[in-house]
Amino acid sequence: MNVYAKLLGDPQIEFNDKSIVFPYKKAEAIFYYLLVNKKASREKLTSLLWGDFNDKSAKKNLRDALYKVKKAFDFDVFISPKRTEVLLNPEINFHVDIDEFMENSNIKLYRSEFLSGFYIKDCYEFDEWIHTARAEFKSEYIKVVKKKLKEEMNFVGLNDIEIYANILLKEDPYNEKNYRDIMRLYSFREDYNRSLSVYYKLVDILKNDLDLDPEQSTTSLFKEILELRSDEGISTEPTSNFIGRKSELSLLKSYLNKFRNGKGKSILITGEAGIGKTALLKKHLESISTDDLIILNSKCFEADRDFFLQSWDNIFKQLSNILKKEKISIPKLWSDVTSYFFPSFNEGFSPLDIDSIEKIESVKHQVSFDAIIGILKLVASKKPVLLVFDDIHWMDSYSFNLLSNIVFKSSNIIFIATCCESHMNEIENNIVRLLENECIETISLKRLSLTETEEFINKKGRDLNLTGDDINEIYKKSEGNTLFIIEYINLLKENKRTLLDSSKVENILKSRLLNLSSLEKKILKVASVFSDRIKLDFLLKFIDADEFDFFDALESLQSKLLLKEVYNENDVYYIFCHSLTKDYIYKNLNKGIAKTLHEKLAEYYESKLKNNARDKYFYSRIIYHYENTENHEKLFEYNIKNLSLYSDMNFELFPSIHKAVDYENVNMEEAFERLDQLLEKCNDNELGIHKLKMDYYYIKGIYYIRIGEYSQGLAFIESYIKYAEELNSYNHMLQGYHQMIYYSIQVNALDDMHFYIHKIEKIIEHKSDIKESGTLFRWKGLYNIRKGKYELAEKYLNRSIEIFENLSLLENKYALNIAACYNYLGNINKYKGDFRTALTKYKKAIEICEANDIVKGLDMFYTGIGQSYYELGKYKLSREYIFKALDYYNKFNNLWGRAIAEGYAALLYKRENNIISFNEHLKQGEMYSQKIRNPYSMRLIDRIKAETK
């Protein structure tokens, strides 16, 4: 027997040519740990994965995890000759990639880092072990690559060198010595262009990630290589790493061409912080020829808002140089006025005298502006002038006034500026004259779509070998904001996955919240605690403020693009414009305040519960809020209620439902582990906890019975029944008896089935429950089918249908119960060999489900039709329904009746002489029949095997 394990990269385990899937992560973690270490003490394993549990619980969880691993392999992969130790079974040949990698230095085995993507929440010891192992294997990998590069540089082809070089730079991206070694290697082979491209790559990485320049020794080597290939004459500047925004660049180019032709307008590039406004502006400026155009640049800063004309200082410093270079004369008064406002303009000119200063201070600002505008118009008469302002939203009002006057009075001067869209209202007020006269074109940068994000990442983070899931996660966290995407990529290079770890991102978020009023900040703090939608009625109730002030603050937050109003039917709620803003505010929220808010919100959602099907939409929110408090009892309660709804829908054979309900798949084993941990923290003396434990046993019981783990399932259901009988709770007793009947059906335990039918009958005699009477008649019908008393069975099933049809007139949730009865009527006719009548019954069951949007049970009903058509010799129709059934079995992971569908699929493939598919389905059918141990299914599979030998 062989186990093949790939641990370098995403983990993959095969046993006897079958992929192994573990039921939950801690069981999987134990297997990986023992594959690496070969053996471990039980004490070590419990401390590794259950360190914060008491000794008894930790040992119990370890036993359960070892059992689950055994079940996954269906074989003892571990042995424990000493009670205190666990080791790999020596009877199995374990082929582990890390063993061969460490022994033979086979770098092809190193697909990615050790156990890539594998993580267990709140398991710090295990997390530390993984990080240590990853570092060890990565270090060995780099060491081997360096050795191969050094040993084989004189013999291997260029492709081999490039492979080793790329590996080295990817795994150790900031080690300049590696870059120098590789530059020398390419230079030695006279491949100077490749050598220089390595340098350019280093420049990009250091600048973008660390804001550093290369070391002197690296720069010196670069210059040496430049001299060696100087005859090739390539640029010494690194190529731009700008990506995308082609349509915006094209638009900017067309606007500039219009300006050159005397019809230009100023341009405002808007968008949220980090969307790429400055990068787009820089890229556009790179493409502009200055032969027929003067470009004057200024970067505006937040402090400029408090200083008169500060945003223009750098513009006039550049203008002073142009006047000198072009030898353009200006009147002394213009020079004095401009120098008074912009001292840097006076460098190289004659100093101001006292009389001039006194005269300037005595005149109005408009007169001063006329002098400043006069200089710009004079220069623009020689060549058109393009004024460039980055972050123009930080300009003071006088600077805006000057800008409006300049642009309005000269057709030969325009500006191009970037502006954060959250400040657009302020800016529009400052440039209203330009807007009214249509002097400005606006380019609004939107967030990248998922497709655009993927293209961006594939270029920007091509060395990371990201999967589709990684890209989706980046898109979800960044929401298409380019700076956030870049920062996320940089964080991934450091094995971090939280954008708030980036100082750039944090600074952007901090700056957006600085100038808010105390009421605005309070609203955002409360809003940050919501899991998703921010409810207006809760904000109004919880925030103590005048209603008019409150709505003013809310409107202000919307105008600043921090919150967004959303309408849903008759409801109004709010969401954050970017989830990172919410995360940042919540991260910095006082823990005591956060806990109080979570408690209040949990109680708020509890008040919305109506004890009907819609309650499920509130459970996830209630759970989220109680998770952030210390109310373990409430958290356990709503986890049980939520899991109970899922279990009823997925593990009850024929539940009473109104229509199909979509639930996300739940890993029940992981859910049980979480609930076991939570239960330990609950106060066991509370009566409510005992009732919840009873519900918990029921959920565990029906789950284990459905997957064929009968001993576990029966133990939980028997405990549940015991609790119910002690409490004299008829409804709970009935639920327990139903589950014992389900089990009896599966294994054909007719005496047990009869025993529990009789118990149900006794309860109904006292309680007169019409709905339970309908179910009882269905059980009696099924019992008599198994006894071969078909006429009596039909009588009971028709009586059940009659009851449920009458009940449906009052409440339409019994359609599936009726469909189940028609399915059993179909089975009766199938057993009698009357397949045509069986078809009408199965089709009636399907018709009822489809009319009520119900998919539960369709897998079994389609199987019945497919089986009947096969026996009638209508193989094409049989194939259609059998594979429809298998689609539903795969979708809903139902095991009941699946062996029959797999068996008939095998027969259909046998008729087509498709032996490979025949064997696959027969093997699957045998597996499911053995797992459920249903006698009918087992006999069917045995018959197919015998008939097809």
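Peer 1: Describe the overall build of the chain, naming the residues involved and giving the relevant values.
Peer 2: If you tally the helices and strands in the chain, you get 43 helices and 15 strands. Computed over C-alpha atoms, the radius of gyration of the chain comes to 37 Å, more than 25% over the 30 Å expected from 2.2 N^0.38 for 949 residues, which places it beyond the range of a compact globule. The principal-axis extents of the C-alpha atoms in the chain amount to approximately 120 × 80 × 60 Å. The buried share of the chain, taken over its 949 residues, is 49%. Looking at the chain alone, contacts between residues at least 24 apart form 67% of all its contacts between residues at least 6 apart. If you sum the accessible surface of the chain, you get close to 47500 Å²; carbon and sulfur atoms cover 48% of it. Computed over 136 positive and 143 negative side-chain charges, the separation of the two mean positions in the chain equals 4 Å.

Peer 1: Which residues make up the state of the cysteines, and what values go with them?
Peer 2: Tallied over the full model, the rule gives zero disulfides. Looking at C123, it has no disulfide partner, and the nearest cysteine sulfur is the one in C682, 20 Å off. Residue C123 is classed as buried on the basis of its relative accessible area of 4%. Free of any disulfide, C439 has its nearest neighbouring cysteine sulfur in C419, separated by 17 Å.

Peer 1: How would you sum up the domain arrangement of the chain? Please name residues and give values.
Peer 2: As far as domains go, the chain holds domain 1 (2-140), domain 2 (156-231), domain 3 (246-444), domain 4 (450-509) and domain 5 (641-947). For domain 2 and domain 5, the distance between their C-alpha centres works out to 66 Å.

Peer 1: Could you give me a rundown of helix α34 (residues 750-767), with the residues and numbers involved?
Peer 2: Side chains three or four residues apart in an α-helix point the same way, a direct result of the helix having 3.6 residues per turn. Over its 18 residues, α34 runs 26 Å from end to end, which matches the ideal 26 Å to within 8%, given 1.5 Å per residue. Taken residue by residue, α34 has L750, M753, Y756, I757, I760, I763 and I764 as its buried positions. For α34, the arc enclosing every buried residue in end-on projection is 140°, short of the 170-degree limit, so these residues lie on one face. Residues D751, E765 and H766 are exposed on α34 and point more than 90 degrees away from its buried face. For α34, the elements touching its buried residues are α32 (710-727), α33 (730-747) and α35 (770-786). In the stretch just after α34, S768 is the one whose phi turns positive, near 50°.

Peer 1: Lay out the pairing of strand β10 (residues 385-390) with the relevant residues and their values.
Peer 2: The buried count for β10 comes to six of six residues, which makes it a mostly enclosed element. Residues of β10 alternate between two faces, with V385, L387 and F389 on one and L386, V388 and D390 on the opposite face, all of them buried. Across six bridges, strand β9 (residues 294-299) lies against β10 in parallel orientation. For K299, the partnering residue across the bridge sits in β10 and is D390. Inspection of the sheet shows β10 paired to strand β11 (residues 413-420) by five bridges, in the parallel sense. By the bridge assignment for β11, V385 is matched with I413. In the classification by handedness, the crossover that spans β10, the intervening helix α16 (residues 397-409) and the parallel β11 is right-handed.

Peer 1: So what's going on with the pattern of salt bridges? Residues and values would help.
Peer 2: What the rule picks out here adds up to 40 salt bridges. Measuring nitrogen to oxygen at the nearest pair gives 3.9 Å for the salt bridge that ties E113 to R134. Of this pair, E113 sits in the loop between α4 (97-104) and α5 (124-152) while R134 sits in helix α5, and the two are 21 residues apart along the sequence. A residue is classified by how much of its surface remains accessible, and E113, at 23% relative accessible area, is partly exposed. Among the residues examined, R134 registers a relative accessible area of 14% and is labelled buried. In this structure, K945 and E926 form a salt bridge, with 2.9 Å as the shortest nitrogen-oxygen distance.

Peer 1: Describe unusual backbone geometry, with residues and values.
Peer 2: Phi at E479 is positive, roughly 55°, even though this residue is not glycine. When you line up the elements, E479 lands in the loop between α20 (468-478) and α21 (482-493). A positive phi angle, near 60°, is found at N748, a position not held by glycine. One can find N748 in the loop between α33 and α34.

Peer 1: I'd like to hear about helix α3 (residues 55-73), residue by residue, with values.
Peer 2: With 19 residues, α3 should reach 27 Å at 1.5 Å per residue; the first-to-last C-alpha distance of 28 Å fits that figure. Among all positions of α3, only S57, A58, N61, L62, A65, L66, K68, V69, A72 and F73 are buried. Within two residues after α3, D74 carries a phi angle of roughly 60°, on the positive side.

Peer 1: Let's hear about the sheet that holds strand β15 (residues 571-576): which residues, and what values?
Peer 2: Here three strands make up an open sheet; going across it, the order is β13-β15-β14 and the pairing antiparallel. The open sheet terminates on both sides in strands that have one partner only, identified here as β13 (534-535) and β14 (563-568). Relative to β15, β13 is paired through two bridges, and the arrangement is antiparallel. Following the sheet pairing, K535 is matched in β15 by Y573.

Peer 1: Tell me what's going on with a nonpolar patch on the surface, and back it up with residues and numbers.
Peer 2: Together, Y174, L210 and L212 line one region of the surface with nonpolar side chains, adding up to about 250 Å² of accessible area. Structurally, L212 is set in the loop between α8 (192-210) and α9 (216-228).

Criteria and thresholds
Residues numbered from 1 in each chain as written. Predicted model: local features only at pLDDT ≥ 70, side-chain atom pairs only at ≥ 80, totals over all residues. Heavy atoms only, no water. Helix = DSSP H or I, 4+ residues; strand = E, 2+ residues; numbered from the N terminus. Rg over C-alpha atoms; globule rule 2.2 N^0.38 Å. Buried < 20%, exposed > 50% of the residue type's maximum accessible area, 1.4 Å probe, protein only. Contact = heavy atoms within 4.5 Å. Areas by Shrake-Rupley, 256 points an atom, 1.4 Å probe, with all protein chains shown as cover. Lys, Arg positive; Asp, Glu negative; His and termini not counted. Charge placed at Lys NZ, Arg CZ, Asp CG, Glu CD. Disulfide = S-S within 2.5 Å. Domains from an automatic or database assignment. Expected span 1.5 Å × (residues − 1). Arc of directions from axis to C-beta. Pairing = 2+ DSSP bridges. Right-handed = clockwise from strand over helix to strand, strands pointing away. Salt bridge = Lys/Arg side-chain N within 4 Å of Asp/Glu carboxyl O. Patch = residues over 30% accessible without salt bridge, like charges linked within 9 Å, V, L, I, M, F, W, Y side chains within 5 Å.

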